[in-house]
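Coordinate analysis (summary)
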Amino acid sequence: MTIKNLLLGSAAVLALGTTAQAADPVAVALDTCDLLNITGLTISSESNCLKFEGEVTYDWVYGNYDVNDDVAGVQNTTSDVAWELTATATADSDFGPAFAVIGLEGSSTDSTGGGVDSIGFGDAYVGIGDSSSTVLYAGKKGTIGNTDDGETLTAVFSVELSDALGGNVGGHVIQVMSSLGDGATAGFGLEDLDTTNNATLVGTVAVSQDWGAAHATVAFDDVLLGGGAWDLHTGGSINADNLTFQGAFITNEASAWQAILSASAEFDMFTLAAGLNLEPASMWDFAISGVAAIDDNTTLTAGFTVNEASAWSARLEGEFGVSDTLTADAGVTFTSASTSTFDAGLTWAPGGGYEASVGVEAASSGNYSLSTSFEKAFE
């Protein structure tokens, strides 16, 4: 028990004792954030706990080509700042925690005419309810649709599903999520309400237990206009000792579809994984990888991917612990287009959520880049 809790408890006992003996009770202000079990960077008032979290990142890159368009022979630099700040105010209510979330995000990028700054809202919504029962959300927020398991378990090269729910979800929303017990949840909502005279109806169910997880989400677009467009995403995973099997499937009203299957096996020193993506017209992508922990400071990873057009890429990379705060990495990539790329970097993570890195990349074409990155997250 901390000294703070001991003092608060003593004050409460003293207040109760005084109340029993006096006509006017003694008010004791217990910390709101402690009562609501909210930790992190917080400020509390009499009834609300205000929590802050966010991140700032800075990246600078120099090379003999445009790192975005990969135009050879063009000397170029890029300088990018990105940040996000989220504040959550929570108070107790008869229906569970009542909360408001405001998220701001911004960036500052270089251009031929000088820096370009932008700022906007990420999330901005209100909610009420306990996550162990039912929660109601309203405002600007992401979708409740579940699109997990949409990529393979492979390292280096990841094969991913398309965005099954399209772009007409999230935004301005009214949503309800409920816990059904035993790891099961269900929810529905009206999303994309910022589109005039329109809405997308989203329904989702999921279960997560020791054996694995499964979920399904369906989104009906233009429900206020009687539209017939819909998207379905379903997937899941099964755990069996050191084996994990994962799969996902998407389809829509036009009978377009995509499926992904993946598996991984963990052993004492290494992990093997493979994944296959299937699409109509005999289109497919396959990836395989192996990760070996040589010792506490050295990890080697190899990966290979190929598709129906026989285009392939292979990569070998290593990560080496130089000290408790310094990590080095290096890798080489080969492709069926007879190109190769070498990259290496150093990452310094002294603690406190701060991380800085420097890297170099060189291609067989003669292109190269030097990069630095700095970031700090807080909560």
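See the structure printed just above.
First, a word on what this report is: a plain description of the structure on this page. (Residues numbered from 1 in each chain as written. Predicted model: local features only at pLDDT ≥ 70, side-chain atom pairs only at ≥ 80, totals over all residues. Heavy atoms only, no water.)

**Notes on the overall build of the protein chain**
Scanning the protein chain from N- to C-terminus turns up two helices and 21 strands. For the protein chain, the residues scored as buried account for 27% of the 379 residues in total. (Helix = DSSP H or I, 4+ residues; strand = E, 2+ residues; numbered from the N terminus. Buried < 20%, exposed > 50% of the residue type's maximum accessible area, 1.4 Å probe, protein only.)

**Here we look at the nonpolar core**
By size, the foremost hydrophobic cluster in this structure holds seven residues: Phe-157, Val-159, Leu-161, Ala-248, Ile-250, Ile-260 and Ala-287. Filtering out sequence-adjacent residues up to four positions away, Phe-157 remains in contact with Thr-152, Ala-287, Gly-303, Phe-304, Thr-305, Ser-313, Ala-314 and Arg-315. (Core = buried A, V, L, I, M, F, W, Y, C linked by side-chain atoms within 4.5 Å. Contact = heavy atoms within 4.5 Å.)

**Thoughts on the pairing of strand S9 (residues 200-209)**
Two elements, strand S8 (residues 184-191) and S9, share eight bridges in a ladder whose sense is antiparallel. Bridge pairing in S9 places Ala-184 opposite Val-207. Here S9 pairs with strand S10 (residues 212-220) via nine bridges, running antiparallel. For Gly-203, the partnering residue across the bridge sits in S10 and is Val-218. What sits between the antiparallel neighbours S9 and S10 is a turn of two residues. (Pairing = 2+ DSSP bridges.)

**Some remarks on the environment of Gly-103**
The residue Gly-103 is located in strand S4 (residues 98-109) in this model. Residues Gly-103 and Lys-140 lie 37 residues apart in sequence; the distance between their C-alpha atoms is 9.7 Å. Residue contacts for Gly-103: discarding those within four places in its chain leaves Leu-85, Thr-86, Gly-120, Phe-121, Gly-122 and Asp-123.

**Thoughts on the packing of aromatic side chains**
Considering all chains together, one arrives at eight aromatic pairs under this definition. Between Phe-99 and Tyr-137 the ring centres are 6.1 Å apart and the planes differ by 65 degrees, which places this aromatic pair in the edge-to-face class. Of this pair, Phe-99 sits in strand S4 while Tyr-137 sits in strand S6 (residues 134-141), and the two are 38 residues apart along the sequence. In this structure Phe-99 comes out as buried when scored by relative accessible area, which is 16%. Both rings, one in Trp-348 and one in Tyr-354, keep their centres 6.0 Å apart while their planes meet at 75 degrees; by these two values the pair is edge-to-face. The side chain of Lys-141 reaches across the aromatic face of Tyr-125, ending 5.8 Å from its centre. We note Lys-141 situated over the ring of Tyr-137; from NZ or CZ to the ring centre the distance is 4.5 Å. (Phe/Tyr/Trp six-rings, centres within 6.5 Å; stacked < 30°, edge-to-face > 60°. Lys NZ or Arg CZ within 6 Å of the ring centre and 35° of its normal.)

**So, the side chain of Gln-258**
Summarising the element assignment, Gln-258 is placed in strand S13 (residues 257-266). A polar contact of 2.9 Å, which involves the side chain of Gln-258, links it to the side chain of Asn-277. In contact with Gln-258, not counting residues within four places along its chain, are Glu-160, Leu-161, Ser-162, Ala-248, Phe-249, Ile-250, Asn-277, Leu-278 and Glu-279. (Polar contact = N/O pair within 3.5 Å; in protein donor to acceptor, adjacent residues only side chain to side chain.)

**Section: the pattern of salt bridges**
On inspection of all chains with the given rule, the structure shows two salt bridges. Between Arg-315 and Glu-317 there is a salt bridge; the shortest N-O distance is 2.7 Å. Judged by its relative accessible area of 16%, Arg-315 is buried. The class for Glu-317 is partly exposed, based on a relative accessible area of 26%. Between Arg-315 and Asp-343 there is a salt bridge, with the nearest N and O atoms lying 2.9 Å from each other. Of this pair, Arg-315 sits in strand S17 (residues 312-321) while Asp-343 is found in strand S19 (residues 340-351), placing the two residues 28 residues apart along the sequence. On the accessibility criterion, Asp-343 (17% relative accessible area) is buried. Here the residues in one salt-bridge network are Arg-315, Glu-317 and Asp-343, joined through shared partners. (Salt bridge = Lys/Arg side-chain N within 4 Å of Asp/Glu carboxyl O.)

**Structural notes on unusual backbone geometry**
Even without being glycine, Asn-37 reaches a positive phi, approximately 60 degrees. Counting through the fold element by element, Asn-37 comes out in the loop between helix H2 (32-35) and strand S1 (41-44). One non-glycine residue, Val-156, lies in positive phi territory at about 65 degrees. Take Val-156: it is sitting in the loop between S6 and strand S7 (171-181). On the basis of relative accessible area, Val-156 is assigned to the partly exposed category, the value being 32%.

**Overview of the side chain of Thr-200**
With respect to the element layout, Thr-200 can be found in strand S9. Judged by its relative accessible area of 2%, Thr-200 falls in the buried class. Within the structure, Thr-200 has its side chain in polar contact with the backbone oxygen of Asn-168 (distance 2.7 Å). Dropping the residues within four chain positions of it, Thr-200 is found in contact with Asn-168, Val-169, Gly-189, Leu-190, Glu-191, Asp-192, Ala-219, Phe-220, Asp-221 and Asp-222.

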